[in-house]
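Given next are the chains, with one letter for each unit.
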Amino acid sequence: MNIEEKVLQQVDEYDAKCPSCGASIKFNPANGMLTCPYCSYEEQIPQPELHTDAVAHELNFEDALKRNSFQWGSEKKTVICNACAAESIYDALEVANVCPYCGSNHVMESASEDSLAPNGVCPFEVTKTEADANFQKWIKGKWFAPNEAKRSAKADSFSGIYLPYWTFDTKTASQYTARYGKHRIVRDKDGNERTVTDWYRTSGFYQEFIDDHLVRATTRYDDNILRSIEPFSTNNPRAFNQDYLTGYIAERYSIGLEDGWKQAQREIHNYIHSCIELQVRRRHGADVVNNINFSTVHSNITYKYLMLPLWLSSFRFKKKTYQFMVNGQTGKVGGQSPISAIKVTVAVLIVLAVIAVLYFYNEGYIF
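The shown structure was predicted, so the numbers you read here are calculated from the model rather than taken from an experiment. (Residues numbered from 1 in each chain as written. Predicted model: local features only at pLDDT ≥ 70, side-chain atom pairs only at ≥ 80, totals over all residues. Heavy atoms only, no water.)

Caption draft 1: Up close: the overall build of the protein. In terms of helices and strands, the protein carries 5 helices and 17 strands. Expressed as a percentage of its 367 residues, the buried residues of the protein come to 44%. For the protein, the share of sequence-separated contacts (at least 6 apart) that also reach a separation of at least 24 residues comes to 71%. For the protein, the exposed area adds up to about 20,200 Å²; of that, 50% sits on carbon and sulfur atoms. (Helix = DSSP H or I, 4+ residues; strand = E, 2+ residues; numbered from the N terminus. Buried < 20%, exposed > 50% of the residue type's maximum accessible area, 1.4 Å probe, protein only. Contact = heavy atoms within 4.5 Å. Areas by Shrake-Rupley, 256 points an atom, 1.4 Å probe, with all protein chains shown as cover.)

Here's what the structure looks like:
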(Lines give C-alpha, C1' and ligand atoms only; values in the text may rest on other atoms or scores of the structure.)
Protein backbone atom coordinates (compact mmCIF):
# COMPACT_ATOMS: atom_id res chain seq x y z
CA MET A 1 0.00 0.00 0.00
CA ASN A 2 1.46 3.33 -1.07
CA ILE A 3 1.20 6.15 1.45
CA GLU A 4 1.09 9.71 0.19
CA GLU A 5 3.86 11.66 1.90
CA LYS A 6 2.62 15.12 1.03
CA VAL A 7 0.81 17.31 3.53
CA LEU A 8 -2.71 17.84 2.27
CA GLN A 9 -3.72 20.86 4.28
CA GLN A 10 -3.78 22.42 7.67
CA VAL A 11 -7.17 21.57 9.15
CA ASP A 12 -9.38 23.57 11.42
CA GLU A 13 -9.53 22.11 14.90
CA TYR A 14 -11.61 22.56 18.02
CA ASP A 15 -10.26 22.27 21.55
CA ALA A 16 -12.52 22.89 24.55
CA LYS A 17 -10.63 25.02 27.09
CA CYS A 18 -11.19 25.39 30.81
CA PRO A 19 -12.16 29.03 31.56
CA SER A 20 -10.61 28.70 35.01
CA CYS A 21 -7.09 27.42 34.31
CA GLY A 22 -6.89 27.29 30.50
CA ALA A 23 -6.20 23.55 30.28
CA SER A 24 -7.95 21.26 27.82
CA ILE A 25 -11.16 19.79 29.19
CA LYS A 26 -12.66 16.46 28.11
CA PHE A 27 -15.91 14.57 28.27
CA ASN A 28 -16.29 12.73 31.59
CA PRO A 29 -18.47 9.56 31.48
CA ALA A 30 -19.01 9.71 35.25
CA ASN A 31 -21.04 12.92 35.15
CA GLY A 32 -21.78 13.39 31.44
CA MET A 33 -20.10 16.81 31.46
CA LEU A 34 -16.96 18.43 30.11
CA THR A 35 -14.49 18.29 33.01
CA CYS A 36 -11.06 19.78 33.64
CA PRO A 37 -8.63 17.14 34.99
CA TYR A 38 -6.59 19.81 36.79
CA CYS A 39 -8.96 22.16 38.59
CA SER A 40 -12.14 20.00 38.42
CA TYR A 41 -14.09 22.67 36.53
CA GLU A 42 -17.29 21.22 35.03
CA GLU A 43 -19.35 22.44 32.11
CA GLN A 44 -22.63 21.16 30.71
CA ILE A 45 -22.63 20.08 27.07
CA PRO A 46 -25.11 22.31 25.24
CA GLN A 47 -28.24 20.43 24.23
CA PRO A 48 -30.60 21.29 21.36
CA GLU A 49 -33.62 23.37 22.36
CA LEU A 50 -36.07 20.90 20.85
CA HIS A 51 -36.15 17.38 22.28
CA THR A 52 -36.57 15.93 18.79
CA ASP A 53 -33.20 17.44 17.82
CA ALA A 54 -31.42 15.89 20.81
CA VAL A 55 -31.40 12.37 19.37
CA ALA A 56 -29.95 10.97 16.16
CA HIS A 57 -32.59 10.55 13.45
CA GLU A 58 -32.89 8.00 10.69
CA LEU A 59 -31.66 9.25 7.30
CA ASN A 60 -33.01 8.19 3.93
CA PHE A 61 -30.63 5.74 2.28
CA GLU A 62 -31.53 6.73 -1.27
CA ASP A 63 -30.85 10.41 -0.55
CA ALA A 64 -27.25 9.78 0.55
CA LEU A 65 -24.88 10.87 -2.22
CA LYS A 66 -21.47 10.14 -0.68
CA ARG A 67 -21.38 6.37 -0.34
CA ASN A 68 -17.78 5.50 -1.16
CA SER A 69 -15.42 3.58 1.10
CA PHE A 70 -12.06 5.04 2.12
CA GLN A 71 -8.70 3.39 2.55
CA TRP A 72 -7.24 3.74 6.03
CA GLY A 73 -3.95 5.67 6.02
CA SER A 74 -3.94 6.39 2.29
CA GLU A 75 -3.63 10.10 2.94
CA LYS A 76 -2.17 12.28 5.67
CA LYS A 77 -3.04 15.67 7.09
CA THR A 78 -1.19 18.16 9.27
CA VAL A 79 -2.70 19.48 12.48
CA ILE A 80 -1.05 22.49 14.11
CA CYS A 81 -1.80 22.59 17.83
CA ASN A 82 -3.33 25.88 18.94
CA ALA A 83 -1.86 25.45 22.41
CA CYS A 84 1.83 24.72 21.69
CA ALA A 85 2.10 25.21 17.89
CA ALA A 86 3.47 21.69 17.43
CA GLU A 87 2.72 19.99 14.12
CA SER A 88 1.27 16.46 14.14
CA ILE A 89 0.66 14.23 11.13
CA TYR A 90 -2.58 12.25 11.31
CA ASP A 91 -4.30 9.78 9.03
CA ALA A 92 -6.95 11.54 6.99
CA LEU A 93 -9.68 9.44 8.61
CA GLU A 94 -8.94 10.62 12.16
CA VAL A 95 -11.34 13.25 13.45
CA ALA A 96 -10.22 13.50 17.08
CA ASN A 97 -6.96 12.92 18.92
CA VAL A 98 -4.71 14.40 21.58
CA CYS A 99 -1.57 16.45 20.94
CA PRO A 100 1.38 14.20 21.90
CA TYR A 101 3.40 17.22 23.01
CA CYS A 102 1.11 19.16 25.33
CA GLY A 103 -1.97 17.00 25.74
CA SER A 104 -4.29 19.50 24.06
CA ASN A 105 -7.42 17.97 22.54
CA HIS A 106 -7.80 18.03 18.76
CA VAL A 107 -11.31 17.65 17.39
CA MET A 108 -11.22 18.15 13.64
CA GLU A 109 -13.74 18.26 10.81
CA SER A 110 -15.98 15.20 10.93
CA ALA A 111 -16.54 15.11 7.19
CA SER A 112 -14.60 15.95 4.07
CA GLU A 113 -15.75 16.84 0.58
CA ASP A 114 -16.05 13.13 -0.22
CA SER A 115 -17.51 11.78 3.03
CA LEU A 116 -20.53 12.04 5.28
CA ALA A 117 -20.58 13.54 8.75
CA PRO A 118 -21.84 11.45 11.70
CA ASN A 119 -25.35 12.27 12.81
CA GLY A 120 -25.24 10.50 16.17
CA VAL A 121 -22.98 9.56 19.06
CA CYS A 122 -23.29 7.19 22.01
CA PRO A 123 -21.09 8.78 24.70
CA PHE A 124 -18.88 6.84 27.08
CA GLU A 125 -20.78 5.51 30.08
CA VAL A 126 -17.89 3.50 31.55
CA THR A 127 -14.98 5.42 33.07
CA LYS A 128 -11.32 4.51 32.67
CA THR A 129 -11.23 3.37 36.31
CA GLU A 130 -14.24 1.10 35.78
CA ALA A 131 -12.71 -0.28 32.60
CA ASP A 132 -9.54 -1.21 34.50
CA ALA A 133 -11.56 -2.87 37.29
CA ASN A 134 -13.49 -4.90 34.72
CA PHE A 135 -10.23 -5.96 33.10
CA GLN A 136 -8.90 -7.24 36.44
CA LYS A 137 -12.06 -9.33 36.94
CA TRP A 138 -11.82 -10.60 33.37
CA ILE A 139 -8.19 -11.75 33.54
CA LYS A 140 -8.75 -13.43 36.93
CA GLY A 141 -11.67 -15.34 35.42
CA LYS A 142 -9.51 -16.83 32.64
CA TRP A 143 -9.17 -20.41 33.90
CA PHE A 144 -6.41 -21.40 31.46
CA ALA A 145 -4.35 -18.25 32.06
CA PRO A 146 -1.16 -18.79 34.13
CA ASN A 147 -1.58 -17.79 37.77
CA GLU A 148 1.46 -15.55 37.46
CA ALA A 149 -0.25 -13.65 34.62
CA LYS A 150 -3.41 -13.20 36.70
CA ARG A 151 -1.39 -11.72 39.57
CA SER A 152 0.88 -9.49 37.51
CA ALA A 153 -1.26 -8.38 34.56
CA LYS A 154 -1.65 -4.60 34.58
CA ALA A 155 -3.22 -2.70 31.72
CA ASP A 156 -1.10 -0.24 29.82
CA SER A 157 -2.62 3.22 29.60
CA PHE A 158 -6.17 3.08 28.27
CA SER A 159 -7.08 4.85 25.03
CA GLY A 160 -10.68 5.99 24.70
CA ILE A 161 -11.79 5.53 21.09
CA TYR A 162 -14.94 6.36 19.17
CA LEU A 163 -15.43 3.92 16.30
CA PRO A 164 -17.68 4.58 13.29
CA TYR A 165 -20.72 2.33 12.77
CA TRP A 166 -23.64 2.28 10.36
CA THR A 167 -27.11 1.24 11.46
CA PHE A 168 -29.76 0.23 8.94
CA ASP A 169 -33.55 0.01 9.19
CA THR A 170 -35.46 -1.84 6.48
CA LYS A 171 -38.79 -3.48 5.83
CA THR A 172 -38.25 -6.99 4.48
CA ALA A 173 -40.67 -9.19 2.55
CA SER A 174 -39.52 -12.71 1.59
CA GLN A 175 -41.12 -15.42 -0.53
CA TYR A 176 -39.74 -18.88 0.23
CA THR A 177 -39.88 -22.56 -0.60
CA ALA A 178 -38.55 -25.30 1.67
CA ARG A 179 -38.64 -28.98 2.52
CA TYR A 180 -39.46 -30.28 5.98
CA GLY A 181 -39.46 -33.69 7.57
CA LYS A 182 -41.32 -35.38 10.42
CA HIS A 183 -39.80 -38.34 12.25
CA ARG A 184 -41.79 -41.42 13.21
CA ILE A 185 -40.81 -44.72 14.83
CA VAL A 186 -41.58 -47.98 13.02
CA ARG A 187 -41.11 -51.56 14.17
CA ASP A 188 -40.27 -54.53 11.99
CA LYS A 189 -41.76 -58.02 12.47
CA ASP A 190 -39.06 -58.82 15.04
CA GLY A 191 -39.94 -55.79 17.18
CA ASN A 192 -36.84 -53.77 16.25
CA GLU A 193 -37.37 -50.01 16.11
CA ARG A 194 -36.03 -47.54 13.56
CA THR A 195 -36.70 -43.91 12.73
CA VAL A 196 -38.29 -42.99 9.43
CA THR A 197 -38.58 -39.41 8.14
CA ASP A 198 -41.56 -38.36 6.03
CA TRP A 199 -40.72 -35.44 3.74
CA TYR A 200 -43.02 -32.65 2.58
CA ARG A 201 -42.64 -29.49 0.50
CA THR A 202 -43.95 -26.11 1.56
CA SER A 203 -43.88 -22.47 0.49
CA GLY A 204 -44.78 -19.27 2.21
CA PHE A 205 -44.21 -15.61 2.97
CA TYR A 206 -42.14 -14.05 5.75
CA GLN A 207 -41.87 -10.37 6.60
CA GLU A 208 -40.15 -8.46 9.37
CA PHE A 209 -39.03 -4.91 10.10
CA ILE A 210 -35.28 -4.83 10.81
CA ASP A 211 -34.41 -2.11 13.32
CA ASP A 212 -30.89 -0.72 13.76
CA HIS A 213 -28.91 -3.52 12.15
CA LEU A 214 -25.36 -2.61 13.18
CA VAL A 215 -22.39 -2.69 10.77
CA ARG A 216 -18.88 -1.68 11.79
CA ALA A 217 -17.50 0.98 9.43
CA THR A 218 -13.80 0.34 10.06
CA THR A 219 -11.37 -2.52 9.43
CA ARG A 220 -8.55 -1.17 11.57
CA TYR A 221 -9.18 -3.10 14.80
CA ASP A 222 -9.18 -6.79 15.68
CA ASP A 223 -12.48 -8.20 14.43
CA ASN A 224 -12.62 -11.13 16.87
CA ILE A 225 -12.05 -8.95 19.92
CA LEU A 226 -14.62 -6.39 18.78
CA ARG A 227 -17.23 -9.10 18.25
CA SER A 228 -16.57 -10.41 21.76
CA ILE A 229 -17.45 -7.04 23.38
CA GLU A 230 -20.51 -6.34 21.24
CA PRO A 231 -23.38 -5.57 21.17
CA PHE A 232 -23.61 -1.83 21.58
CA SER A 233 -26.94 -0.25 22.41
CA THR A 234 -28.20 2.07 19.66
CA ASN A 235 -31.72 2.66 20.98
CA ASN A 236 -31.29 6.33 21.91
CA PRO A 237 -28.11 7.79 20.41
CA ARG A 238 -27.61 11.48 20.97
CA ALA A 239 -27.41 13.94 18.11
CA PHE A 240 -23.76 14.35 17.11
CA ASN A 241 -21.90 16.97 19.13
CA GLN A 242 -18.13 17.37 18.86
CA ASP A 243 -17.90 18.02 22.61
CA TYR A 244 -18.35 14.29 23.25
CA LEU A 245 -15.14 13.61 21.29
CA THR A 246 -12.90 15.92 23.30
CA GLY A 247 -10.07 14.00 24.94
CA TYR A 248 -10.63 10.85 22.86
CA ILE A 249 -9.50 9.35 19.59
CA ALA A 250 -12.18 9.26 16.89
CA GLU A 251 -12.12 7.81 13.41
CA ARG A 252 -14.07 8.58 10.25
CA TYR A 253 -15.52 5.57 8.43
CA SER A 254 -13.35 3.62 5.99
CA ILE A 255 -16.18 1.23 4.99
CA GLY A 256 -18.61 3.44 3.08
CA LEU A 257 -22.38 3.49 3.21
CA GLU A 258 -22.75 1.39 0.05
CA ASP A 259 -20.38 -1.36 1.22
CA GLY A 260 -21.89 -1.19 4.69
CA TRP A 261 -25.35 -1.82 3.23
CA LYS A 262 -24.07 -4.79 1.18
CA GLN A 263 -22.66 -6.32 4.36
CA ALA A 264 -25.92 -5.63 6.20
CA GLN A 265 -27.88 -7.37 3.41
CA ARG A 266 -25.71 -10.49 3.73
CA GLU A 267 -26.17 -10.60 7.49
CA ILE A 268 -29.91 -9.90 7.26
CA HIS A 269 -30.20 -12.67 4.65
CA ASN A 270 -28.64 -15.17 7.09
CA TYR A 271 -30.94 -13.94 9.85
CA ILE A 272 -34.06 -14.30 7.68
CA HIS A 273 -32.94 -17.82 6.69
CA SER A 274 -32.95 -18.86 10.36
CA CYS A 275 -36.33 -17.14 10.92
CA ILE A 276 -37.91 -18.98 7.99
CA GLU A 277 -36.56 -22.29 9.27
CA LEU A 278 -38.09 -21.58 12.69
CA GLN A 279 -41.41 -20.55 11.12
CA VAL A 280 -41.63 -23.79 9.10
CA ARG A 281 -40.77 -25.88 12.17
CA ARG A 282 -43.49 -24.24 14.24
CA ARG A 283 -46.14 -24.12 11.53
CA HIS A 284 -45.81 -27.77 10.52
CA GLY A 285 -44.43 -29.34 13.71
CA ALA A 286 -41.35 -30.32 11.69
CA ASP A 287 -38.36 -32.15 13.13
CA VAL A 288 -35.98 -31.04 10.37
CA VAL A 289 -36.03 -28.34 7.68
CA ASN A 290 -33.77 -28.00 4.66
CA ASN A 291 -33.60 -26.79 1.03
CA ILE A 292 -34.73 -23.30 2.01
CA ASN A 293 -34.76 -20.94 -0.98
CA PHE A 294 -36.06 -17.40 -0.76
CA SER A 295 -35.80 -13.92 -2.22
CA THR A 296 -36.16 -10.74 -0.19
CA VAL A 297 -37.37 -7.29 -1.15
CA HIS A 298 -36.07 -4.38 0.98
CA SER A 299 -38.08 -1.15 1.26
CA ASN A 300 -38.07 2.08 3.30
CA ILE A 301 -34.33 1.77 3.91
CA THR A 302 -32.88 4.29 6.38
CA TYR A 303 -29.52 4.60 8.11
CA LYS A 304 -27.64 6.35 10.88
CA TYR A 305 -23.91 7.07 11.05
CA LEU A 306 -22.92 6.70 14.71
CA MET A 307 -19.78 7.04 16.80
CA LEU A 308 -19.61 4.28 19.46
CA PRO A 309 -17.24 4.14 22.44
CA LEU A 310 -14.61 1.60 23.51
CA TRP A 311 -11.54 1.50 25.71
CA LEU A 312 -8.43 -0.02 24.12
CA SER A 313 -5.40 -1.27 26.05
CA SER A 314 -2.93 -4.14 26.38
CA PHE A 315 -0.68 -5.87 28.90
CA ARG A 316 2.64 -7.68 28.69
CA PHE A 317 3.49 -11.14 29.98
CA LYS A 318 6.83 -12.85 29.34
CA LYS A 319 7.83 -10.35 26.64
CA LYS A 320 4.59 -10.80 24.69
CA THR A 321 1.86 -8.18 24.32
CA TYR A 322 -1.82 -9.10 24.68
CA GLN A 323 -4.44 -6.63 23.44
CA PHE A 324 -7.89 -6.25 24.95
CA MET A 325 -10.89 -3.93 24.69
CA VAL A 326 -13.66 -2.76 26.99
CA ASN A 327 -17.09 -1.77 25.70
CA GLY A 328 -17.51 1.92 26.60
CA GLN A 329 -21.25 1.46 27.22
CA THR A 330 -21.55 -1.90 29.01
CA GLY A 331 -18.05 -2.50 30.39
CA LYS A 332 -17.85 -5.92 28.72
CA VAL A 333 -14.23 -7.06 28.25
CA GLY A 334 -12.78 -9.11 25.41
CA GLY A 335 -9.28 -9.80 24.25
CA GLN A 336 -6.21 -11.98 24.19
CA SER A 337 -4.70 -13.73 27.21
CA PRO A 338 -1.80 -16.13 27.77
CA ILE A 339 -2.53 -19.84 28.12
CA SER A 340 -0.87 -22.20 30.60
CA ALA A 341 0.23 -25.43 28.90
CA ILE A 342 0.16 -27.19 32.28
CA LYS A 343 -3.48 -26.21 32.94
CA VAL A 344 -4.51 -27.31 29.44
CA THR A 345 -2.76 -30.67 29.94
CA VAL A 346 -4.42 -31.21 33.32
CA ALA A 347 -7.84 -30.39 31.81
CA VAL A 348 -7.30 -32.85 28.94
CA LEU A 349 -6.24 -35.60 31.37
CA ILE A 350 -9.32 -34.99 33.52
CA VAL A 351 -11.62 -35.24 30.48
CA LEU A 352 -9.90 -38.46 29.33
CA ALA A 353 -10.20 -39.91 32.83
CA VAL A 354 -13.95 -39.14 32.94
CA ILE A 355 -14.45 -40.72 29.51
CA ALA A 356 -12.54 -43.83 30.64
CA VAL A 357 -14.63 -44.16 33.82
CA LEU A 358 -17.88 -43.85 31.86
CA TYR A 359 -16.69 -46.43 29.32
CA PHE A 360 -15.72 -49.03 31.91
CA TYR A 361 -18.93 -48.35 33.83
CA ASN A 362 -21.04 -48.95 30.72
CA GLU A 363 -19.07 -52.13 29.96
CA GLY A 364 -19.78 -53.44 33.45
CA TYR A 365 -16.23 -53.33 34.79
CA ILE A 366 -17.14 -50.81 37.50
CA PHE A 367 -19.90 -51.67 39.94
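Next comes the rest of the write-up.
Caption draft 2: Structural view of the confidence of the model for the protein. With 81% of its residues at a pLDDT of at least 70, the protein reaches an overall mean of 82. Long-range and interchain partners of residues 1–10, a stretch whose pLDDT sits below 50, account for 16 contacts in this model, where long-range means more than four residues apart. (pLDDT = per-residue confidence, 0-100.)

Caption draft 3: Highlighting the packing of aromatic side chains. Inspection of every chain in the model, using the stated rule, returns 23 aromatic pairs. Ring centres 6.0 Å apart and planes at 70 degrees place the aromatic pair Trp166 and Tyr303 in the edge-to-face group. Of this pair, Trp166 sits in strand E11 (residues 159–187) while Tyr303 sits in strand E15 (residues 288–317), placing them 137 residues apart in sequence. A single burial state applies to Trp166 and to Tyr303, both of which are buried. Where Phe315 meets Phe324, the ring centres are 6.4 Å apart and the plane angle is 45 degrees; that geometry is what we call tilted. We note that Phe315, like Phe324, is buried. Joined through ring pairs, the aromatic side chains of Phe124, Phe135, Trp138, Phe158, Tyr162, Tyr248, Trp311, Phe315, Tyr322 and Phe324 make up one cluster. Over the aromatic face of Trp199 sits the side chain of Arg179, whose NZ or CZ is 3.8 Å from the ring centroid. (Phe/Tyr/Trp six-rings, centres within 6.5 Å; stacked < 30°, edge-to-face > 60°. Lys NZ or Arg CZ within 6 Å of the ring centre and 35° of its normal.)

Caption draft 4: Quick peek at the pattern of salt bridges. One pass over the structure, following the stated rule, counts 8 salt bridges. Between Asp198 and Arg184 there is a salt bridge, with its nearest N and O atoms 2.6 Å apart. With Asp198 in strand E12 (residues 193–216) and Arg184 in strand E11, this residue pair connects regions lying 14 residues apart in the sequence. With a shortest N-O distance of 2.7 Å, Asp212 and Lys304 are connected by a salt bridge. Here Asp212 is found in strand E12, whereas its partner Lys304 is found in strand E15, with 92 residues between them in sequence. Beyond isolated ion pairs, a larger network of salt bridges with shared partners links Arg216, Asp223, Arg227 and Glu230. (Salt bridge = Lys/Arg side-chain N within 4 Å of Asp/Glu carboxyl O.)

Caption draft 5: Representation of the side chain of His213. Here His213 shows up in strand E12. Judged by its relative accessible area of 17%, His213 falls in the buried class. Side chain to side chain, His213 and Glu267 meet in a polar contact 2.6 Å long. When sequence neighbours within four positions are dropped, the list of residues in contact with His213 reads Trp166, Thr167, Phe168, Ala264, Glu267 and Ile268. (Polar contact = N/O pair within 3.5 Å; in protein donor to acceptor, adjacent residues only side chain to side chain.)

Caption draft 6: How the structure looks around a nonpolar patch on the surface. A cluster of nonpolar side chains, namely Ile342, Val346, Ile350, Val354 and Leu358, defines an oily patch on the protein surface of about 470 Å² accessible area. Tracing the backbone shows Val346 in helix H5 (residues 341–362). (Patch = residues over 30% accessible without salt bridge, like charges linked within 9 Å, V, L, I, M, F, W, Y side chains within 5 Å.)

Caption draft 7: Representation of the nonpolar core within the structure. The biggest cluster of nonpolar side chains holds 61 residues, and the ones touching the most others in it are Tyr162, Trp166 and Phe168. Elements with a contribution of two residues or more to this core: strand E8 (94–98), helix H1 (128–140), E11, E12, helix H4 (257–284), E15 and strand E16 (320–327). It is E15 that provides the largest number of residues to this core, a total of 10 residues. Counting residues in hydrophobic clusters, the runner-up holds 15 residues, among them Ala56, Cys122, Ile161 and Leu226. (Core = buried A, V, L, I, M, F, W, Y, C linked by side-chain atoms within 4.5 Å.)

Caption draft 8: Examining the environment of Val297 more closely. One can find Val297 in strand E15. What makes Val297 exposed here is its relative accessible area of 54%. Expressed as a C-alpha distance, the spacing of Val297 and Ala173, which sit 124 residues apart in the sequence, is 5.3 Å. Contacts of Val297, omitting those with residues within four sequence positions, involve Lys171, Thr172 and Ala173.

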